[in-house]
Amino acid sequence: MRTMKVTFQINNEEVTLQVRPYETLLETLRERLSLTGAKEACGMGSCGACTVVMNGIPLRSCLVLAPEADGAVITTVEGLQQEGKLHPLQEAFMKKGAVQCGFCTSGMIMTAKALLDRNKTPTKKEIVRTISSNICRCTGYKKIVEAVEEAGKKTT
Amino acid sequence: MILPKFKYQRALSIAEAIDFYTQVDGQARYLAGGTDLIPLLKQRLLTPAAIIDLKHIKALKTLSQDDGWLAIGANVALFDLKKDPLVKGYFPALAESLEVTACETLQMRGTLGGNILQDTRCLLYNKSLEWRTARGFCWKMGGQACNVVPNAQACFSNYCSDNAPALITLSAQLKLAGPRGERTIKLEKIFSGDGRKPLALEPGELLTQVRIPLEKTKGTYEKLRVRDSMDYPLVGVAVSMKGSSARVCVGGVGPAPRVYQLNKLDETSIKDGAGQAVADAKPVLNATLSPVYRKKMVGVLFKRAIKKVQREGAR
């Protein structure tokens, strides 16, 4: 089947690619653009390890078809640092030790980033509710929630 | 997980979407949020020749009041809808059902139309092709048996929308458009009752609007699930009250939600209603909790939901 041309903005850079119509955005990011921050875990939209921010909305890139991204603005975890300086969320995750195996981390950070972008000072309850979109099977979420809280304070 | 091969078409209007559908002789599926459709494609439960993307149709994204109705475009995201002050103030059953649907990230992507038109689910159906081939195909996959209930002639898959039961209690209507024109039907009429093909949609029809009569109600939604996030309902009970009567709808058990009208809300009527709902519910071993427990919880949640609304109303 013929490939399709898509153009989108990824981490402040415009790219034009030929993609298969039956390719997920996650595959495009990982295999065509070598952006391996977003992970494939369940592949079914349950776990959130593949979360990226598209047009301001955090979404499961394993459930998005590559042609759907045409014209979109996408941020992945690789695009968070600015001129070599880490995003406050990344700093806070490191400082609080909110990482164990690390497989869910980039998804957690992207979900949290979208939350902080629309609400600079979320309450603990709001953080817990938002972060429950992502599954982590090692840390127990406590330090992750603390890290998001701290990053929220820093960005204000 | 790898997707099967298909063509991708982006429709810019409802007419164009229907046009694309007829061009591929009906071998197409409409795509909105994709949170239900894409996993079904990945598991080869659906293998359409084309996917028609409806997300860029502006007419499907509007939320408006029209002659005593709230008209919700089918592609309005669940997250946006739950933030709407009118939904919160007038339709608490719907607002609560939106709050507990999946998780925030999926609510931002998932649409109301997609939530209503989701396929029924079964522990032994929503599996990979390899798994299903090894086990043998069931009724819903085009086979000749049920893999859950031996010798059963019917399909017991569960309809797992949270929002549809809430909308049914609010007497919602669906506006559909298809190759043969438009029609408006009551939401509960969309269910065939047959788990193999649970939705009575005509070929090529797409949902354009969900319409709710603009009358203030009291209500709630009770959901049984194992995890507090992401899980589908194992039993879901929605209640909406106007004056001294209530409409109650039970979802999550079997291929169609069931609706009950209670004209009196005294102890006996509530007990009788709950008893009827328990008798009607026929859960089988196709979800993560036992059928006995789920059946019992139909009655428990039925009563709990009504009592909750009564308590809040008295406050």
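In this text, all values refer to a predicted model and were calculated from it rather than measured experimentally.

K.L.:
For the environment of Thr105(A), give the residues involved together with the corresponding values.
P.N.:
All names here are of chain A. Structurally, threonine 105 can be placed in helix H3 (residues 105-118). Spatially, the C-alpha atoms of threonine 105 and glycine 48 are 9.8 Å apart, while their sequence positions differ by 57 residues. Apart from residues no more than four positions distant in its own chain, threonine 105 is found in contact with Phe93 and Val99.

K.L.:
Summarise the pairing of strand S6 (residues 173-178) of chain B; cite the residues concerned and give the values.
P.N.:
Residues and elements named next belong to chain B. The pairing of S6 with strand S7 (residues 181-186) spans 6 bridges and is antiparallel. Paired with glutamine 173 across the strands is lysine 186, a residue of S7. Between S6 and the antiparallel strand that follows it, S7, lie 2 residues. Here S6 pairs with strand S8 (residues 206-213) via 5 bridges, running antiparallel. Along S8, the bridge assignment pairs leucine 176 with leucine 207.

K.L.:
Tell me what's going on with the sheet that holds strand S9 (residues 218-224) of chain B, and back it up with residues and numbers.
P.N.:
Either a parallel or an antiparallel arrangement is found when strands of a sheet pair, and the pairing is made through backbone hydrogen bonds. Residue and element names in this part refer to chain B. Across the sheet, 4 strands lie side by side as S9-S10-S11-S12; this open sheet has antiparallel pairing. Edge positions in the sheet fall to S9 and strand S12 (258-262), since each has one partner strand and no second. Strand-to-strand, the axes of this sheet are offset by a mean angle of 15 degrees, without reference to chain direction. Looking at chain direction, S9 and strand S10 (residues 235-242) are connected through 7 bridges and run antiparallel. Within the sheet, the bridge partner assigned to tyrosine 221 lies in S10 and is alanine 238.

K.L.:
Lay out empty space enclosed by the protein with the relevant residues and their values.
P.N.:
All names here are of chain B. Taken as a whole and assessed by the stated rule, the structure comprises 4 cavities of 30 Å³ or more. In this structure, the largest cavity spans a volume of roughly 100 Å³. By residue class, the composition of the lining of the largest cavity is 10 nonpolar, 3 polar and 1 charged. In this structure, the second largest cavity encloses a volume near 50 Å³. Lining the second largest cavity are Val250, Val253, Ala256, Arg258, Tyr260, Ala277 and Ala281.

K.L.:
Just give me the short version of the packing of helix H2 (residues 88-96) of chain A against helix H5 (residues 142-155) of chain A, but keep the residues and values in it.
P.N.:
To describe two helices that pack against each other, one gives the angle between their axes and the distance between the axes. All names here are of chain A. Viewed as axis vectors pointing N to C, H2 and H5 meet at an angle of 135 degrees, and their least axial separation amounts to 8 Å. Between H2 and H5, the angle is such that the two are oblique. In this structure, H2 meets H5 at a crossing whose hand is right-handed. Mapping the contact onto sequence places Pro88, Leu89, Ala92, Phe93, Lys95 and Lys96 in H2 and Lys143, Ile144, Glu146, Ala147, Val148, Glu150, Ala151, Lys154 and Thr155 in H5. The residue inventory of the contact of H2 with H5, partitioned by class, reads 8 nonpolar, 1 polar and 6 charged.

Cut-offs applied
Throughout this description, residue numbers start from 1 for each chain and increase along the sequence as written. The lettering of chains begins at A and the numbering of ligands begins at 1, in the order of writing. Per-residue local features are limited, in this predicted model, to residues with pLDDT of at least 70; the limit for side-chain atom pairs, both in listing and counting, is 80 or more; totals at the level of whole chains, interfaces and linings are taken over all residues. Calculated side-chain values reflect all of the structure's heavy atoms, with hydrogen atoms and water omitted. Segments assigned H or I by DSSP are reported as helices when at least four residues long, segments assigned E as strands when at least two residues long, and all are numbered from the N terminus. Any two residues whose heavy atoms approach within 4.5 Å are treated as being in contact. Between any two strands, at least two bridges found by DSSP are needed for them to pair. Only the contacting stretch of a helix is used when fitting its axis, a line to C-alpha atoms as for every element, and angles between N-to-C directions run 0 to 180 degrees. A cavity, in this analysis, means grid points on a 1 Å lattice covering only the protein atoms where a 1.4 Å probe fits yet has no way out; a pocket is instead an open set bounded by protein on both sides within 12 Å along at least five of seven lines, and a residue lines either one if it has an atom within 4 Å of a point. Grid points are joined across faces, edges and corners, and a volume is the space filled by probe spheres set on the points. Ten residues, namely Ala, Val, Leu, Ile, Met, Phe, Trp, Tyr, Cys and Pro, are considered nonpolar, four, namely Asp, Glu, Lys and Arg, are considered charged, and the remaining ones, Gly among them, are considered polar. Roughly parallel here means an angle under 35 degrees, roughly antiparallel means over 145, roughly perpendicular means 65 to 115, and every remaining angle is called oblique. Two helices crossing with the near one rotated counterclockwise from the far one by less than a right angle form a left-handed crossing, whereas a clockwise rotation gives a right-handed crossing.

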